[in-house]
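Fold and geometry: a report
Here's the letter readout for the chains.
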Amino acid sequence: MTPACRGALAALLVMALGGCAHRTRHAGPDHSPVPLPAVPAAEIAILNGRLTGDMDAATLLGNGPYRYRFVLLDVRSGEPAANRPYALSNRDHRLPFVIEEKQVYQGLTDSRGRTDAFAFDAPVAADSWRLRERFGAGPFGEQMRLVDAEDRPVAGMEYALLICDASPHYHRGITDADGNTGYAATATAAPIILGVRGSDAVEGEDIAPEEDGARALEECQRHAENEGSPAAMTPPPPVG
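Presented here is a report on the structure given in the accompanying data block. (Residues numbered from 1 in each chain as written. Predicted model: local features only at pLDDT ≥ 70, side-chain atom pairs only at ≥ 80, totals over all residues. Heavy atoms only, no water.)

**Here we look at the nonpolar core**
With 19 residues, the main nonpolar core has Phe70, Tyr105, Phe118 and Trp129 as its most contacted residues. When contributions to this core are tallied by element, the ones reaching two or more residues are strand S4 (66-72), strand S5 (85-90), strand S7 (114-120) and strand S8 (129-136). With four residues, S4 is the single largest residue contributor to this core. Setting aside anything within four residues of it in sequence, one finds Phe70 in contact with Ile46, Arg50, Leu51, Thr52, Leu88, Gly113, Arg114, Thr115, Phe118, Trp129 and Leu131. Core analysis: the next-biggest nonpolar cluster, separate from the first, contains twelve residues, Met157, Tyr159, Ile192 and Leu194 among them. (Core = buried A, V, L, I, M, F, W, Y, C linked by side-chain atoms within 4.5 Å. Buried < 20%, exposed > 50% of the residue type's maximum accessible area, 1.4 Å probe, protein only. Helix = DSSP H or I, 4+ residues; strand = E, 2+ residues; numbered from the N terminus. Contact = heavy atoms within 4.5 Å.)

**Considerations on empty space enclosed by the protein**
Applying the stated rule across the entire model yields one cavity of 30 Å³ or more. Taken together, eleven residues line the largest cavity, and the ones lying closest to its centre are Leu47, Asn48, Arg130, Leu131 and Arg132. Across the lining of the largest cavity, the residue classes break down as five nonpolar, three polar and three charged. (1 Å grid on protein atoms, 1.4 Å probe; cavity = no way out; pocket = protein on both sides within 12 Å on 5 of 7 lines; lining within 4 Å. Points joined across faces, edges and corners; volume = space filled by probe spheres on them. Nonpolar A, V, L, I, M, F, W, Y, C, P; charged D, E, K, R; others polar.)

**Comments concerning the pattern of salt bridges**
Scanning all chains against the criterion turns up 15 salt bridges. Taking the shortest distance from any N to any O, the salt bridge between Arg222 and Glu218 comes out at 3.0 Å. Here Arg222 pairs with Glu218, and both are found in helix H1 (residues 209-227), just four residues apart, close to one helical turn. Several salt bridges share partner residues, and in doing so they unite Asp54, Arg69, Asp110, Arg112 and Arg114 into one network. (Salt bridge = Lys/Arg side-chain N within 4 Å of Asp/Glu carboxyl O.)

**Some thoughts on the environment of Ser128**
When you line up the elements, Ser128 lands in the loop between S7 and S8. Accessibility expressed as a relative area gives 0% for Ser128, which makes it buried. Taking the C-alpha atoms as reference, Ser128 lies 6.3 Å from Asp92; in sequence the two are 36 residues apart. Here Asn90 takes part through its side chain, which lies 2.8 Å from a polar atom of the side chain of Ser128. A polar contact is formed between the side chain of Ser128 and the backbone oxygen of Ala125, at a distance of 2.6 Å. (Polar contact = N/O pair within 3.5 Å; in protein donor to acceptor, adjacent residues only side chain to side chain.)

**Section: the sheet that holds strand S9 (residues 140-145)**
Strand order in this open sheet of five strands is S6-S5-S8-S12-S9, and the pairing throughout is mixed. Edge positions in the sheet fall to strand S6 (105-108) and S9, since each has one partner strand and no second. Averaged over all adjacent pairs, the angle separating strand axes in this sheet is 35°, with direction ignored. Where S5 meets S8, five bridges bridge the pair, whose relative direction is antiparallel. Residue pairing in the sheet places Tyr86 in a bridge with Glu133 of S8. (Pairing = 2+ DSSP bridges. Axes fitted to C-alpha atoms, helices over the stretch in contact; angles between N-to-C directions.)

**Thoughts on the pairing of S7**
Counting buried residues along S7, seven of its seven residues qualify, which places the element largely inside the surrounding structure. Strand direction decides the pairing type here: strand S3 (residues 60-62) and S7, joined by three bridges, are parallel. Across the sheet, residue Leu61 finds its bridge partner in S7, namely Phe118. The pairing of S4 with S7 spans five bridges and is classified as antiparallel. Among the inter-strand pairings, Arg69 is bridged to a residue of S7, identified as Ala117.

**Focus: unusual backbone geometry**
Excluding glycine, residues mostly have negative phi values, and the peptide bonds linking residues are mostly trans. Backbone geometry places Asn48, a non-glycine residue, at a positive phi of 70°. Its place among the elements puts Asn48 in the loop between strand S1 (44-46) and strand S2 (49-52). Although it is not a glycine, Asn83 adopts a positive phi angle of roughly 50°. Residue position: Asn83 is located in the loop between S4 and S5.

**Thoughts on the sheet that holds strand S13 (residues 192-196)**
Taken in spatial order, the three strands make up an open sheet running S11-S10-S13, and their pairing is antiparallel. Single-partner strands in this sheet number two, and they are strand S11 (169-174) and S13. When the angles between neighbouring strand axes are averaged without regard to direction, this sheet yields 25°. As judged from the six bridges shared by strand S10 (residues 158-163) and S11, these two strands associate in the antiparallel manner. Looking across to S11, one finds that Leu161 is bridged to His171.

Okay, here's the thing in C-alpha cells:
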C-alpha cells in the first residue's frame, strides 16, 4: 500500500523500524558477572518516553523477575501523556502476553502517563523498546516514517493519517525525533493514507468534525477508485 503524501517534502518513504540492540554485563573484581537489577534503579530515556522504576499501582503482564514500565511523553510538549492510547513492541523479544502476529501491545496510560508493567525472565535492553502514541485499536496496524531525499528523518512534521475502514477518519499528530508517526491500528485490514501539512496551511486552523468526516469519506472513496476495490488493498507485512 502506497501512502498518499502531500506537502513540500522532496521525498517521503515508508520504512519499517529495524536495527539491533546490544546488552552489556560488566564483570566484578573476580570477573564474575554483576547481576542486573530486576527493576531499573533510575529513569532511562527512550524514544517517545522513558523507562521508569515506579511500579506503583501497575498492572503486571508476563512473568519473571525483570520488570519494565514506561512513561509515554507527548511528542509536541515533551510532558507525560496522560490517559493516552499507546503501542509498545520490542525488536529483540517476543511479547508472550500478546497473541497477535504483529507483536504490538496496545494499552492506555494512566493519569501520570505511565504504561502497564511488563515482566520477563531475562533482562531486556532499553534501546530495543518501541513506544509510541496509538490511533485506533485492533490486530492490524501501521507505523510510518518520514525521511527526506537524503534518507534523513523528518522530525516535527505535522501529519494526518487517514484510516479508510468502515468509518473513515483522520488522526493528526507530529512526527517524533526519528521521523515516525503514531501507530495506526485497525480491526480489519484497511488502507491507511499519510498526508503532511502543506505550506499553505493556516496555523491553528480548526476543522469541524462533520466537515472532517465528510472529507475523510471523500478521500477514501477517491483512493478506492484509483487503487481498486478496498477488499483488494491490504497493508504491507507486519512490522513492530
